Amino acid sequence: MKTTGFRSFVLYILLFAFCGGFVWFLINLALNGSTWATQPYNGHIYGDDTAVSAGTITDRSGMVLAKTEDGSRVYAESEDIRRALLHTVGDSSGYIGTAVQAVHRSQLVGYNPITGLARTVLSDLGNNLVLTVDANASAAAYNAFNGRNGSAFVYNYKTGEVLVKVSAPTYDPMNVPEDLNDNEEYNGVFLDHTLSSTYTPGSIFKLVTAAAAMEYLPDWDTRTYTCEEEMDIGSGKVTCLNYHGELNLEQALGYSCNLYFAQLAEDIGAENLKKKAEEMGFGKNFSFDSVTTDKSSTNLSSSTSAIDLAWSSVGQADVMANPYHMALLMGAIANGGSTPEPYLTGGKSRTSYTLTDSSTAASLHSMMRNNVVNYYGEYLFDGYSLCAKTGTAELDDQTRRGMLLSIRSDAQWLNATVENLLAITKLEGGGMHLATTLELMDDIVEEALRHVSPAVREHDLKVVACDEPALVNVDARLMVQLVVNLVNNAITYTPAGSHIVISIGVDDGHVTCSVADDGPGIAPEDRERIFESFYTANHGLADSHRSVGLGLSLCRSIALAHGGSIEVAAADPHGSVFTIELPAADVSFDKE
């Protein structure tokens with residue numbers, strides 16, 4: 001009886017565990033089913049990098065922007081429209097992760113919790129999308145760029161409907177360039193710059209400085225300063241385009257006088273200007289169609305120098321603005337201080353953002369109207385009643401070059417992050433075909449070193465070759481990427497002057513390639529998880545902005561896909577050693 005009772009007890013425990021696990025699975029299926037079913041590696045949706053069985057997307061007038069035809073995804077007839085709306089509609093491979101085809105893919109493919117992706121009458125009822133954008137207006141905005149990069153965002157500040165959303169660089173999704181990943185012209189092309197980038201705002205930030213004056217300086221409307229074209233402030237000099245003489249705030253905004261706003265900011269104070277900027281949305285993420293945007297920033301503090309405060313007040317120095325946020329701010333000024341959240345689909349906006357009070361909004365609105373009437377010229381706008389403020393990044397050549405290099409670096413990093421994530425998804429899902437060829441590991445390393453970070457010049461790098469031919473059957477492109485990632489990892493996580501040694505060996509039917517460094521090393525508890533996606537070791541040298549933990553995860557995926565392995569160990573006396581082990585190629589030579 002005791003044995004029977006014990007067995008019953010064990011069975012009850014197993015039954016309870018099974019039921020609990022089943023309930024947990026059902027809950028996760030309800031919450032995440034659509035995400036699971038619509039991953040890019042699902043061959044029922046994506047075949048040969050092409051989204052199939054997806055609904056039709058049209059603009060506000062019914063123009064077809066994307067549809068499935070004969071099992072392939074096709075886009076608008078006009079190439080200008082296809083390019084203009086690439087980052088809004090998306091592409092067939094899912095590279096544009098913030099676009100409609102990525103964000104709303106479960107609706108487009110007709111997923112529902114009951115039948116999944118099976119084609120039924122119910123699933124076909126709701127898999128089309130009508131966007132609020134005007135395709136022709138978007139194409140006009142794109143053509144106005146005239147080959148330049150940037151973004152354009154136009155929305156109805158009363159309703160939230162988005163009319164234009166354009167980001168460049170861009171490409172034609174019907175004719176994807178073969179050099180998309182290699183040509184510098186396309187750096188940052190997978191990024192929607194309206195949502196995920198920041199720019200130097202220039203003089204449009206003077207609206208924020210003016211708003212701060214309205215709050216902290218009681219005599220803001222009568223306060224005057226004199227512009228004599230240039231002025232020494234702190235350790236530097238502030239310049240203006242012209243001599244303006246004595247000005248009040250409204251006149252200074254019309255002339256966009258740098259010297260007026262530099263002196264105004266000195267009286268406001270850095271902390272007060274920062275506080276007002278944050279009230280108006282700087283330092284905050286906003287939401288658009290389930291996408292979280294990049295933050296605008298000022299970098300102001302109590303320790304900000306007088307010259308940095310002066311240039312910050314006119315939208316230079318470290319001030320950066322997100323285009324979507326700037327559109328929201330303009331909408332709030334036009335709408336009495338608050339604006340509905342812009343939307344592309346789904347009808348009326350249900351969220352609103354308050355970015356200033358009604359009194360400040362009215363004063364800024366009046367001054368922006370004055371800009372058009374008395375400074376810019378209404379004749380330029382074909383009878384429209386506009387309120388506006390222009391802005392330009394006015395920097396010296398050295399600063400401009402530094403900022404451009406920084407933007408380029410960030411764009412390249414983001415581009416590489418997207419590519420790594422897509423590669424991991426395809427490798428782990430079996431969706432990537434390996435184009436294997438017979439290669440010497442020495443040649444793989446030599447090619448990889450042509451593509452590593454330029455910061456390698458700050459390190460002492462050495463390659464130790466093997467006496468035997470280290471032959472492997474590999475996809476050369478992927479194997480080069482693996483070595484590049486390992487070397488870049490060593491460069492990133494070791495101080496300048498560190499030693500990096502790449503060693504190639506052949507042993508017992510395997511070819512090995514190790515990358516060793518004498519940096520601070522990796523803690524034992526981190527070594528166990530270092531190859532997991534989105535995991536980074538915390539040893540102080542990593543740039544937290546850059547370390548998203550995808551490079552080593554991709555290394556593991558590439559090694560496993562080739563029937564190999566990758567391991568990390570501690571170096572002696574300190575540092576890390578990453579070792580790839582691959583099956584040696586079975587090559588026989590006929591002897592005469």
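Residues numbered from 1 in each chain as written. Predicted model: local features only at pLDDT ≥ 70, side-chain atom pairs only at ≥ 80, totals over all residues. Heavy atoms only, no water.

1. A word on the overall build of the protein chain
For the protein chain, the helix and strand inventory stands at 20 helices and 23 strands. When the 592 residues of the protein chain are sorted by exposure, 46% land in the buried category. Restricting the contact set of the protein chain to residue pairs at least 6 apart, pairs at least 24 apart contribute 66%. Only carbon and sulfur atoms are counted for the fraction: they give 51% of the accessible area of the protein chain, which is about 29,800 Å². (Helix = DSSP H or I, 4+ residues; strand = E, 2+ residues; numbered from the N terminus. Buried < 20%, exposed > 50% of the residue type's maximum accessible area, 1.4 Å probe, protein only. Contact = heavy atoms within 4.5 Å. Areas by Shrake-Rupley, 256 points an atom, 1.4 Å probe, with all protein chains shown as cover.)

2. Let's talk about the nonpolar core
Grouped together as the largest cluster of nonpolar side chains are 75 residues, with contacts concentrated most on I57, L65, Y260, F261, L264 and L364. Sequence-distant contacts of L364, that is, excluding residues within four places in its chain, are made with L207, A210, A211, M214, M280 and I333. (Core = buried A, V, L, I, M, F, W, Y, C linked by side-chain atoms within 4.5 Å.)

3. A look at the pairing of strand β19 (residues 471–475)
Buried residues dominate β19, accounting for four of its five residues. One ladder, built from five bridges, connects strand β17 (residues 436–440) with β19; its direction is antiparallel. Residue pairing in the sheet places T437 in a bridge with V474 of β19. (Pairing = 2+ DSSP bridges.)

4. As for the pattern of salt bridges
Per the stated rule, a full pass over the model turns up 13 salt bridges. A salt bridge links E79 to R83; the nearest nitrogen and oxygen atoms lie 2.9 Å apart. One end of the pair, E79, and the other, R83, are both in helix α2 (residues 79–84), four residues apart, so they sit about a helical turn from each other. When its relative accessible area of 21% is taken as the criterion, R83 is described as partly exposed. (Salt bridge = Lys/Arg side-chain N within 4 Å of Asp/Glu carboxyl O.)

5. Looking at the environment of P177
On the secondary structure map, P177 appears in the loop between β8 (162–168) and α8 (193–196). Exposure remark for P177: the relative accessible area of 19% places this residue in the buried category. Contact partners of P177, with chain neighbours within four places excluded, come to Y171 and Y186.

6. A short note on the sheet that holds strand β6 (residues 129–130)
Strand order in the open sheet formed by four strands is β5-β4-β3-β6, and the pairing between neighbours is mixed. In the strand order of this sheet, the two ends are held by β5 (72–75) and β6, each with one partner. The pairing of strand β3 (residues 57–58) with β6 spans two bridges and is classified as parallel. Residue pairing in the sheet places T58 in a bridge with V130 of β6.

7. As for a nonpolar patch on the surface
A cluster of nonpolar side chains, namely V10, L11 and L14, defines an oily patch on the protein surface of about 280 Å² accessible area. Tracing the backbone shows L14 in helix α1 (residues 2–37). L14 sits in the exposed class, given a relative accessible area of 53%. (Patch = residues over 30% accessible without salt bridge, like charges linked within 9 Å, V, L, I, M, F, W, Y side chains within 5 Å.)

8. Some details on the side chain of T339
Examined against the element boundaries, T339 turns out to sit in strand β15 (residues 338–340). A relative accessible area of 1% means that T339 is categorised as buried. Sequence-distant contacts of T339, defined by excluding residues within four places in its chain, comprise Y155, Y157, L328, G331, A332, T351, S352 and Y353.

9. Observations regarding helix α9 (residues 206–216)
Counting buried positions over the eleven residues of α9 gives nine, a clear majority of the element. If you check which residues of α9 are buried, you get K206, L207, V208, T209, A210, A211, A212, A213 and M214. On its buried side, α9 packs onto α10 (249–255), α11 (258–268), α12 (270–279), α14 (323–334) and α15 (358–376).

10. Describing the sheet that holds strand β22 (residues 565–570)
Pairing is mixed across the open sheet formed by five strands, whose spatial order is β18-β20-β21-β23-β22. Single-partner strands in this sheet number two, and they are β18 (460–464) and β22. Recorded for the sheet is a direction-independent mean angle of 15° between the axes of neighbouring strands. Across six bridges, β22 lies against strand β23 (residues 576–583) in antiparallel orientation. Residue pairing across strands places E567 opposite T579, the latter belonging to β23. (Axes fitted to C-alpha atoms, helices over the stretch in contact; angles between N-to-C directions.)

11. A few points about the pairing of strand β7 (residues 150–155)
Across a regular strand the side chains alternate sides, sitting on one face of the sheet and then on the other. Pairing of β7 with β8, which is carried by six bridges, proceeds in the antiparallel orientation. In the sheet register, V154 faces β8, and the bridge partner there is V164. As consecutive antiparallel partners, β7 and β8 are separated by six residues, and within that stretch G160 has a phi angle of approximately 100°, a positive value.

12. A few points about the side chain of H562
Relative to the helices and strands, H562 resides in the loop between α20 (551–561) and β22. A distance of 3.0 Å separates a polar atom in the side chain of H562 from the backbone nitrogen of D475. In terms of polar contacts, H562 uses its side chain to reach the backbone carbonyl oxygen of I558, at 2.8 Å. With residues up to four places along the chain from it excluded, the contact list for H562 reads L434, N473, V474, D475, L478, M479, L582 and P583. (Polar contact = N/O pair within 3.5 Å; in protein donor to acceptor, adjacent residues only side chain to side chain.)

13. Regarding the packing of α9 against α11
It is at 10 Å that the axes of α9 and α11 come closest, and there the two elements cross at 40°. As far as their axial angle goes, α11 and α9 are oblique. Crossing angle aside, the handedness with which α9 passes α11 is left-handed. Of α11, the residues touching α9 (which contributes K206, T209, A210, A212, A213 and Y216) are N258, F261, L264 and I268. Within the contact of α9 with α11, the residues separate by chemical class into seven nonpolar, two polar and one charged. (Parallel < 35°, antiparallel > 145°, perpendicular 65-115°, else oblique. Left-handed = near helix turned anticlockwise from the far one by under 90°. Nonpolar A, V, L, I, M, F, W, Y, C, P; charged D, E, K, R; others polar.)

14. Observations concerning a negative patch on the surface
Taken together, D467, E468, D507, D508, E567 and E581 make up a surface patch of like negative charges. Relative to the elements of secondary structure, D507 occurs in strand β20 (residues 499–507). Overall, the relative accessible area of 55% leaves D507 in the exposed class. (Lys, Arg positive; Asp, Glu negative; His and termini not counted. Charge placed at Lys NZ, Arg CZ, Asp CG, Glu CD.)

Keep in mind these values describe shape, not function.
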